[in-house]
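# Architecture at a glance
For reference, the chains in residue letters:
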Amino acid sequence: MTKLTKPQKSRKRKNSEDQCSPSPCSSSKSSKTAKLTTASSNDSEPFPDFHRPTPEECRTVRDDLLAVHGFPKEFIKYRKQRSLNHDNNIGDEDDHSGIDPCKESVLDGLISTILSQNTTEANSQRAFASLKSSFPTWESVLAADAKLVEDAIRCGGLAPTKTSCIKGILSSLFQKKGNLCLEYLRELSIEEIKRELSCFRGIGPKTVACVLMFHLQRDDFPVDTHIFQIAKTLRWVPTAADVKKTYLHLNRRIPDELKFDINCLIYTHGKVCRECSGKGSDKPKKEHSDKLCPLLCQSSNAI
């Protein structure tokens, strides 16, 4: 196996091996940072005169979906981790899952998010488990032949594309920092984290938002196709809104303490309710036929 060699440094790092070196983007000019900050401020409120959703609407949707679905099991470990970090215990008294919080490394979280793209939850979990069992460290993934990595994650789909993205991130991170560690992100602000992760090729806004919400326990609100469509169904954004503006608008309007629960619940609801997710009713619903969709009721009441 190829041995990884650290880039030469003009001075020794004082950090221990399990600590991260400075930010991969720390060498950027201050003028560039200022421009990014200004652009972010200008884009943060795309619909200043559109006042939905209100905090009351957000709480109602959260409560209604909890009553229908309960809290999705696949997100409970992240919810528990957030409760430890934020002391946010909404609904935890009813949680008897017995699942202990699992604090993943940030790099593990980023790679698992990449593997979750365009596939099912089960397939992405299998792909991540296969990758971790095939290669004991991220350094060994970086050093391995791409075909071997593709074979390990093939069950998750799009193996060549995802392999290229993963190896590109690892290579860039190693070249810029001398190790494969993203733990330093935990100490940064949300805007700083977005800038850091955006430095890596193939990392888009939705992936960044997922890492923020799930793996860094920050108050962010990723927008996928389910959430985008349901936001329009609920009239939480103007008709002409695109995904980017929907993301910016909902992050402004949804209270921070509700973002995680609402995001997980709407995502789950969008997968099972064909009516409010805009998929039509030509296929059988997974919802019980005697239950009316609470989001459609919300939408009707808001007209």
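Residues numbered from 1 in each chain as written. Predicted model: local features only at pLDDT ≥ 70, side-chain atom pairs only at ≥ 80, totals over all residues. Heavy atoms only, no water.

## Focus: the environment of Ser134
Within the secondary structure layout, Ser134 lies in helix H5 (residues 121-134). In this structure, the C-alpha to C-alpha distance between Ser134 and Ile153, residues 19 residues apart in sequence, is 9.7 Å. At 2.8 Å, the side chain of Ser134 forms a polar contact with the backbone oxygen of Ser130. (Helix = DSSP H or I, 4+ residues; strand = E, 2+ residues; numbered from the N terminus. Polar contact = N/O pair within 3.5 Å; in protein donor to acceptor, adjacent residues only side chain to side chain.)

## Quick notes on the pattern of salt bridges
Counted under the stated rule, the structure contains 14 salt bridges. For Asp151, the salt bridge is made with Arg154, and the minimal N-O distance between the two is 2.7 Å. Looking at Arg154, the relative accessible area reads 43%, which means it is partly exposed. The shortest N-O distance in the salt bridge between Arg186 and Glu183 comes to 2.6 Å. A relative accessible area of 21% places Arg186 in the partly exposed class. In this structure Glu183 comes out as partly exposed when scored by relative accessible area, which is 26%. The network of salt bridges with shared partners includes Glu191, Lys194 and Asp220. (Salt bridge = Lys/Arg side-chain N within 4 Å of Asp/Glu carboxyl O. Buried < 20%, exposed > 50% of the residue type's maximum accessible area, 1.4 Å probe, protein only.)

## Some details on the nonpolar core
Judged by nonpolar contacts, the single largest core of 37 residues is most densely connected at Ile111, Leu131, Trp138, Leu182, Leu185, Leu197 and Ile203. With seven residues, the single largest contributor to this core is helix H8 (residues 159-177). The next biggest cluster of nonpolar side chains, apart from the first, holds 27 residues, and it includes Val61, Phe228, Leu248 and Cys273. (Core = buried A, V, L, I, M, F, W, Y, C linked by side-chain atoms within 4.5 Å.)

## Regarding the side chain of Asn263
Mapping Asn263 onto the fold places it in helix H13 (residues 256-272). Leaving out residues up to four positions away in the same chain, Asn263 has contacts with Met213, Phe221, Pro222 and Ile227. (Contact = heavy atoms within 4.5 Å.)

## Overview of helix H4 (residues 106-115)
Most of H4 is tucked away: ten of the ten residues are buried. Within the span of H4, buried status applies to Val106, Leu107, Asp108, Gly109, Leu110, Ile111, Ser112, Thr113, Ile114 and Leu115.

## A closer look at unusual backbone geometry
The linkage connecting Arg52 with the following residue, Pro53, adopts the cis geometry, with an omega of 0°. Mapped onto the fold, Pro53 is located in the loop between helix H1 (30-43) and helix H2 (55-69). With phi around 50°, Leu158 is a residue other than glycine that occupies positive phi space. Within the fold, Leu158 resides in the loop between helix H7 (146-153) and H8. Phi is positive for Gln217, close to 55°, though the residue is something other than glycine. Along the chain, Gln217 falls in the loop between helix H10 (205-215) and helix H11 (225-233).

## What to know about the packing of aromatic side chains
The full count for this structure, using the stated rule, is six aromatic pairs. Seen in terms of ring centroids, Phe75 and Phe214 are 5.3 Å apart; in terms of plane orientation they differ by 20°. Their pairing is stacked. With a gap of 139 residues between them, Phe75 in the loop between H2 and helix H3 (76-86) and Phe214 in helix H10 connect regions that are remote in the sequence. Both residues of the pair, Phe75 and Phe214, belong to the buried class. An aromatic cluster of at least three residues, connected via ring pairs, comprises Phe71, Phe75, Tyr78, Phe214, Phe260 and Tyr267. Above the face of the Phe71 ring, Arg79 is positioned so that its terminal group lies 4.1 Å from the ring centre. (Phe/Tyr/Trp six-rings, centres within 6.5 Å; stacked < 30°, edge-to-face > 60°. Lys NZ or Arg CZ within 6 Å of the ring centre and 35° of its normal.)

## Quick notes on the side chain of Ser83
Looking at where Ser83 falls in the secondary structure, it is placed in helix H3. In terms of polar contacts, Ser83 uses its side chain to reach the backbone carbonyl oxygen of Lys80, at 2.6 Å.

## Details of the environment of Pro238
Secondary-structure assignment places Pro238 in the loop between H11 and helix H12 (243-253). For the pair Pro238 and His249, spaced eleven residues apart in sequence, the C-alpha separation works out to 9.9 Å. Non-local contacts of Pro238, meaning those with residues more than four positions away in its chain, are made with Phe47, Phe50 and Lys232.

## Some points on the packing of H4 against H5
Between H4 and H5, whose axes approach to 9 Å, the crossing angle comes to 130°. Our classification of the angle between H4 and H5 gives oblique. You can see that H4 and H5 cross each other, and the crossing is right-handed. Of the residues in H5, those touching H4 at Asp108, Ile111, Ser112 and Leu115 are Ser124, Ala127, Phe128, Leu131 and Lys132. Looking at the contact of H4 with H5, its residues break down into five nonpolar, two polar and two charged. (Axes fitted to C-alpha atoms, helices over the stretch in contact; angles between N-to-C directions. Parallel < 35°, antiparallel > 145°, perpendicular 65-115°, else oblique. Left-handed = near helix turned anticlockwise from the far one by under 90°. Nonpolar A, V, L, I, M, F, W, Y, C, P; charged D, E, K, R; others polar.)

On their own, these measurements won't tell you what the molecule is for.
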